[in-house]
Amino acid sequence: MSDKDRVLGHADEADGIEEYDNSLPTWWVGLFYCCIVFAAVYGADYHFLRSRSSASEMEQAIVARPKVEQTTAAAVGPEAIAAGKSVYDTNCVACHGAALEGGVGPNLADTTWIHGGTLSAIQNTISVGVPEKGMLTWGPILGPEKVAQVAAFVHAQGGGQ
Ligand code: HEC
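Undergrad: Would you mind showing me how to read the coordination of the iron atom of the ligand here?
TA: The expected angle between donors at a tetrahedral four-coordinate metal is 109.5 degrees. At an octahedral six-coordinate metal it is 90 or 180 degrees. Surrounding the iron atom of the ligand are the protein donor atoms His96 (NE2) and Met135 (SD), which sit 2.0 to 2.1 Å from the metal. One way to put it: the six donor atoms around the iron atom of the ligand meet at angles of 88 to 179°, and that makes the site octahedral. Of this pair, His96 sits in helix α4 (residues 93-96) while Met135 sits in the loop between α5 (119-128) and α6 (139-155), placing them 39 residues apart in sequence. Residue class for His96 comes out buried when judged on its relative accessible area of 10%.

Undergrad: Would you explain the environment of Ile122 in this entry?
TA: Considering the arrangement of structural elements, one finds Ile122 in helix α5. Residue classification places Ile122 among the buried residues on the basis of a relative accessible area of 4%. For Ile122 and Lys85, which are 37 residues apart along the polypeptide, the C-alpha to C-alpha distance reads 15 Å. Residues in contact with Ile122, not counting those within four places in the same chain, are Trp113, Gly116, Gly117, Ala151, Val154 and His155.

Undergrad: How should I be thinking about the packing of helix α3 (residues 78-91) against α6 in this particular structure?
TA: Each packed pair of helices is defined by two parameters, the angle between the axes and the distance between the axes. At a minimum axis separation of 7 Å, α3 and α6 run at an interaxial angle of 100°. In this view, α3 runs roughly perpendicular relative to α6, as classed from their interaxial angle. On α6, the residues that touch Ala80, Ile81, Ala83, Gly84, Lys85, Val87, Tyr88 and Asn91 of α3 are Leu142, Lys146, Gln149, Val150, Ala152, Phe153 and Val154. Its residues assigned to classes, the contact of α3 with α6 shows 10 nonpolar, three polar and two charged.

Thresholds, definitions, all that
- Residues numbered from 1 in each chain as written.
- Predicted model: local features only at pLDDT ≥ 70, side-chain atom pairs only at ≥ 80, totals over all residues.
- Heavy atoms only, no water.
- Donors = N, O, S within 2.8 Å, 3.2 Å for Na, K, Ca; no water.
- Tetrahedral: all angles 85-135°; square planar, octahedral: opposite > 155°, others 65-115°.
- Helix = DSSP H or I, 4+ residues; strand = E, 2+ residues; numbered from the N terminus.
- Buried < 20%, exposed > 50% of the residue type's maximum accessible area, 1.4 Å probe, protein only.
- Contact = heavy atoms within 4.5 Å.
- Axes fitted to C-alpha atoms, helices over the stretch in contact; angles between N-to-C directions.
- Parallel < 35°, antiparallel > 145°, perpendicular 65-115°, else oblique.
- Nonpolar A, V, L, I, M, F, W, Y, C, P; charged D, E, K, R; others polar.

Now the structure itself:
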């Protein structure tokens, strides 16, 4: 038997699967060493030369998130909340549920918030949306007044902070 196709002989422990004891193909070993070199160069560049990190990328993304003009002052009274309920019933029930209990979208009546539970945070989330998660950018659809009203309604439902 040639040296090349010698088997390792552990078929007994490996359900009959045999394995050759050949050296790895040169192209594969070359690629492997290239990967190691690339990782070292890339790692040095990422962390030290440009001082990047996933934490700072996250911070930049948060800072870059658009903020809307706050128009809450007039929009927190009982009338605004009542108007907000009708905006909610028309536009939001399908995903957040009739009792804000959640469904496709998260529960809006509990005290757990992904994007913050203050009135202005809620207003901002509604206005800007979270398009990548399926929450529309409601600002241009509803306009600032309805956004403020529906935010006041959501905020008044017990979970607001
Ligand atoms: C098509 C489904 C859909 C509709 C309609 C919808 N939402 Fe959402 N909403 C979502 C999803 C999904 C999320 C979760 C986003 C995330 O995971 O970041 C969300 C998140 C939110 C949040 C943030 C919750 C948190 O925990 O921070 C608020 C507030 C909210 N929606 C209010 C509204 C209001 C008010 C309306 C109606 C004007 C509305 N949503 C309509 C799907 C929807």
